[in-house]
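# Structure assessment
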Amino acid sequence: MSVDRRATQIMALALLIGLAIAGAIIAAVGGGASLPAAAAAFAEGAYGSGASWGATVATAVPVLLTGISASIAFRAGVFNLGQPGMFVAGAVAAGAAAPMLAGPPVLNVLSTLVVAVTAGALWAALITTLSRLTAVDVLVISLITNYLADGLATLLTTRVFRDPTALGVIETRLVPARLPLLIEQSSFHAGALLAVAVCVLYWWILNHTSPGHRLRLYGHNPDFAAASGTPRRRYEMHITVVAGAVSGLAGGIQVLGVFLRYIDGSIGGSSSAAWTGMILAILAPLGSLLLIPGALFLASLQTGLLGVEREIGVSSRLSLVVQAIVMIAVAWGRGRAMRAQRAGSAGDGAPVPQPQTEGAKS
Amino acid sequence: MIDLLTSAMIWGRTLDAGTSLLLVALGGYLCVRSGVFNIALEGTMISSCFAAVACSFWAVNWGFGVLGAVATGVAVTAVLAVLCVYLQADVLLVGLAVNLFGLGATPLLLQWAFDIRGGFTSPEVRPLPHLDVPGVEAVPWLGDVVSGRSLLTYLAWLLTAAVTIWLGHTRSGMALRAAGLREEIAAASGVPVRRIRATALLIGGALMGLGGAQLALGDVAQFSEGMTSGRGFVALAMVLIAARRVWTLLPLSIGFAVFDVVGLSLQSAGLWSELTYVLPYAAALAILLLARLWSRRRLPVTASA
């Protein structure tokens, strides 16, 4: 537990460093005098009004869900970074399926979400299968499949599912029914409740049921788990499929709650919410309810910097830079904590549940 | 379609397109072989692309562009070396962070330095020179393919040979492989593991910088956001399939590059232009599968080697 507390301290410090660097960059681009205005614009963009709260929450929803997805995989020691691809798969499937599925609004939304979840799960299964057939680390395969998913999404949207009336923009037809808005005139939609429910469910399964126990056991020591009756290959496939389903759900919610159609390029790419979700899974202690405030915080970083972009004109890509700096600081802090733990326990610590780590020894 | 595949222009451009992959993969290979699983190839590459264009523009000289790209590559991997080799931070996390940093910081730098978004090009960004090979250039088809490639293409071929010889036939090359293979044994037999890894990272960074320079200045001298589009990750996959045979990076890079170039020419062949976004990655995965089948067939040989 001492490691956890230290990790929290390091994270707080890392965030301060990240914000300081962000301030420095804003000052460099917009001039030092723009800093107070930038801070005001940040607060306004993230928390200033009902609308900006709505935007922050709507941004947090896919971050939280893809974060849960990444967290499930990391928990099992599967370093699958394919969340952006699964996210896109879910979104395209939802955008394509929703206009075709008939039925009353509630049924339409539910069946579209099922399609999105299935698409995400299938994409995840594809990643694992490819990684096995090629015998290349799932980490590398999943990074390549993210680009493949973006490409396929563009191809399918342009050639098959494109709305014939849309000019210029490549997008699918408007969905017939959307996730209801919880606050009128904002983007606070019902997907937020769904995401929180999934997070609570994940926490409960992880900490209070035997499948959760098995997941934690497998992550800590796959050899032991295998010896006690968890078939390795099949279990890793199951875990990845579940993770893919959650990311696919994120894509479906994004289409049904925010864009109301799949718009090409809105989900994937380097500014994908799934990258932020992955960072969330790495930063927040894996699998706890802290994922919810963490997602809100990372989302407010984005909406706040969008506010800064509107006022000062500094690109909101800054949020990627801040997150990267925080991640580096956390990676360093974890290395220190692990060394301290190892020095304390005299001898080899538990193997780190990640592929290809260095056998850190001084 | 057939005349597309037999045209010397396509194959010549393929060799140039393969160069950036080859150089980045060589750099990554050194890191992985020394025991640092560096996944930051993409981030290092895009940073050096930017540096290449910026330096080439400011100095109005391609040499400075290449120099700037190499310096940036070394600087990025120096951060990795300090953090992961000496401070023992988690390599995967730092690598992922460097990738995101590269993809996020280059648009900011573009805005800050050139006050422009999306991409930058100017007549003052000098591209790499293309060299004619005396003797070969006169040969009918081959001359058009092999001769007239960018300077870095020829350099990359030489560097592949150099790295193969270095790793296979020199003391320091063996020490590097030992550091990656069995760290404890290498350390016990007097190999300075950390220094070797740091050196491998820095040399690897220089190679990745060259790869970035080739991508940015090799053909049309320009920088655009996310222009590496996953090439760093494809290079990483190449490193993993090459396993112990570093020279295989050369044919692999050409194999991957074919689809990059052919994909761009599909439009003129009357096919869907969107295939450009799918083909390189689908082909990359297909080549990975084929390479696996190939190495499985040869497994008894490599296992005893």
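Residues numbered from 1 in each chain as written. Chains lettered and ligands numbered in written order. Predicted model: local features only at pLDDT ≥ 70, side-chain atom pairs only at ≥ 80, totals over all residues.

## Considerations on the overall build of chain A
For clarity, the cut-off: Strands here are runs of E lasting at least two residues and helices are runs of H or I lasting at least four, both read from the DSSP assignment and numbered beginning at the N terminus. Atoms considered for the radius of gyration are the C-alpha atoms alone. The globule rule reads 2.2 Å times the number of residues to the power 0.38. As a rule, residues whose C-beta atom has 12 or fewer other C-beta atoms within 10 Å are exposed, those with 20 or more are buried, and those in between are partly exposed; C-beta atoms are placed from the backbone. Note that contacts rest on C-beta atoms placed from the backbone: two residues are in contact if these are within 7 Å.
In terms of helices and strands, chain A carries 13 helices and zero strands. Moving toward the C terminus, one meets the helices and strands of chain A in the order α-α-α-α-α-α-α-α-α-α-α-α-α. For chain A, the C-alpha radius of gyration of 21 Å lies close to 21 Å, the compact-globule estimate for 362 residues. Summarising its shape, the C-alpha atoms of chain A cover approximately 65 × 55 × 35 Å along the three principal directions. Across the 362 residues that make up chain A, the buried fraction comes to 52%. Residue pairs in contact within chain A that sit at least 24 positions apart in sequence constitute 78% of those at least 6 positions apart.

## Things to note about the overall build of chain B
The helix and strand tally for chain B stands at 14 helices and four strands. In terms of overall size, chain B behaves like a compact globule, its C-alpha atoms giving a radius of gyration of 19 Å where 305 residues would be expected to give roughly 19 Å. Its C-alpha atoms give chain B principal-axis dimensions of roughly 60 × 50 × 40 Å. Out of the 305 residues belonging to chain B, those deemed buried represent 53%. Long-range pairs, those at least 24 residues apart, make up 75% of the contacts in chain B with a sequence separation of at least 6.

## As for the interface of chain A and chain B
Frequently, the measure chosen for interface size is the accessible area that the parts lose on association. The following threshold applies: Polar here means any residue outside two lists: the nonpolar Ala, Val, Leu, Ile, Met, Phe, Trp, Tyr, Cys and Pro, and the charged Asp, Glu, Lys and Arg; Gly therefore counts as polar.
Each partner contributes to the interface: chain A provides 47 residues, whereas chain B provides 45 residues. Elements that contribute at least two residues to the side of chain A that touches chain B include exactly helix H1 (2-30), helix H5 (105-134), helix H6 (138-159), helix H11 (273-283) and helix H13 (318-345) of chain A. Taken together, the residues of the side of chain A that touches chain B sort by class into 28 nonpolar, twelve polar and seven charged.

## What about the nonpolar core?
Note the cut-off: As used here, a nonpolar core is made of buried Ala, Val, Leu, Ile, Met, Phe, Trp, Tyr and Cys residues. They are joined through C-beta atoms within 7 Å.
Within the largest apolar cluster, 220 residues are counted, with the highest numbers of intra-cluster contacts made by Leu 64, Ile 144 and Met 327 of chain A together with Val 94, Ala 97, Ala 237 and Met 238 of chain B. Looking at which element gives the most residues to this core, the answer is helix H10 (residues 193-217) of chain B, with 15 residues.

## Digging into unusual backbone geometry
Despite not being glycine, Gln 88 of chain B shows a phi value in the positive range, around 55°. Mapped onto the elements, Gln 88 of chain B comes out in the loop between helix H4 (62-86) and helix H5 (91-114).

## Describing the packing of helix H4 (residues 83-97) of chain A against helix H10 (residues 232-259) of chain A
Residues and elements named next belong to chain A. Formally: Note on geometry: axes are C-alpha line fits, over the in-contact stretch for helices, and angles between N-to-C directions span 0 to 180 degrees. Here roughly perpendicular refers to angles of 65 to 115 degrees, roughly parallel to angles under 35, roughly antiparallel to angles over 145, and oblique to all remaining angles. Crossing handedness is defined as follows: a turn of the near helix away from the far one that is anticlockwise and smaller than a right angle gives a left-handed crossing, while the clockwise case is right-handed.
Taken N-terminus to C-terminus, the directions of H4 and H10 make an angle of 50°; their axes are 7 Å apart at the nearest point. When the axes of H4 and H10 are compared, the pair comes out oblique. For the pair H4 and H10, the sense of crossing is right-handed. Contacts between H4 and H10 involve Gln 83, Met 86, Phe 87, Val 88, Ala 89, Gly 90, Ala 91, Ala 94 and Gly 95 on the former and, on the latter, Gly 244, Ser 247, Gly 248, Leu 249, Ala 250, Gly 251, Gly 252, Gln 254, Val 255 and Leu 256. A per-class count over the contact of H4 with H10 returns ten nonpolar, nine polar and no charged.

## Comments concerning the packing of helix H3 (residues 50-75) of chain A against H10 of chain A
Residues and elements named next belong to chain A. Axis separation between H3 and H10 bottoms out at 7 Å; the angle between their running directions is 175°. Taken together, the axis directions place H3 and H10 in an arrangement best described as roughly antiparallel. Note on element contacts: H10 touches H3 through Ile 239, Thr 240, Val 242, Ala 243, Val 246, Ser 247, Leu 249, Ala 250, Ile 253, Gln 254, Gly 257 and Val 258, opposite Ala 58, Val 61, Pro 62, Leu 65, Thr 66, Ile 68, Ser 69, Ile 72 and Ala 73. Its residues assigned to classes, the contact of H3 with H10 shows 15 nonpolar, six polar and no charged.

## Digging into the confidence of the model for chain B
Residues and elements named next belong to chain B. Filter applied, for reference: Scored from 0 to 100, pLDDT records how confident the predictor is in each individual residue.
When pLDDT is averaged along chain B, the result is 86, and 93% of the positions lie at 70 or above. pLDDT under 50 marks residues 299-305. Its contacts with residues more than four places away, or in other chains, come to two contacts. With a pTM of 0.86, the predicted complex shows an ipTM of 0.84.

## A word on helix H2 (residues 8-33) of chain B
Three or four residues apart is the spacing at which side chains of an α-helix point the same way, because the helix has 3.6 residues per turn. Residues and elements named next belong to chain B. Rules: The span expected for a helix works out to 1.5 Å for each residue beyond the first. The angle between axes fitted to the seven residues ending at a residue and the seven residues starting there is what we call the bend at that residue.
Taking 1.5 Å per residue as the helical rise, H2 with its 26 residues ought to reach 38 Å, and the 36 Å between its terminal C-alpha atoms agrees with that figure. Taken as a whole, H2 carries its principal kink of about 25° at Thr 19. Judged by how many residues are buried, H2 sits mostly within the fold: 22 of 26 residues are covered. Residue Gly 35 follows H2 closely and has a positive phi angle near 105°.

## Some points on H5 of chain B
Residue and element names in this part refer to chain B. Look at H5: 33 Å from first C-alpha to last across 24 residues, which is about the 34 Å you get at 1.5 Å a residue. The sharpest bend along H5 comes to roughly 25°, located at Ala 105, with the proline Pro 107 sitting one to four residues further on. The buried count for H5 comes to 18 of 24 residues, which makes it a mostly enclosed element. Directly after H5, the chain includes Asp 115, whose backbone phi takes a positive value near 55°.

## Side note on the environment of Asp 16 of chain B
Residue and element names in this part refer to chain B. Its location among the elements puts Asp 16 in helix H2. Along the backbone, Asp 16 and Leu 215 are 199 residues apart, and their C-alpha atoms lie at a distance of 8.9 Å. Apart from the residues within four sequence positions on either side, Asp 16 is in contact with Arg 149, Ser 150, Thr 153, Gly 218 and Asp 219.

## Observations concerning the environment of Arg 13 of chain B
All names here are of chain B. The topology assignment puts Arg 13 in helix H2. On the basis of neighbour counts, which here come to 22 C-beta atoms within 10 Å, the residue Arg 13 falls in the buried class. Residues Arg 13 and Val 262 lie 249 residues apart in sequence; the distance between their C-alpha atoms is 9.7 Å.

## Digging into the confidence of the model for chain A
On average, residues of chain A score 83 in pLDDT, and 91% of them are at 70 or above. For residues 346-362 of chain A, every residue scores under 50 in pLDDT, and the model assigns this stretch 24 contacts once sequence neighbours within four places are set aside.

## Details of the environment of Arg 159 of chain A
Relative to the elements of secondary structure, Arg 159 of chain A occurs in helix H6. Residues Arg 159 of chain A and Val 330 of chain A lie 171 residues apart in sequence; the distance between their C-alpha atoms is 44 Å.

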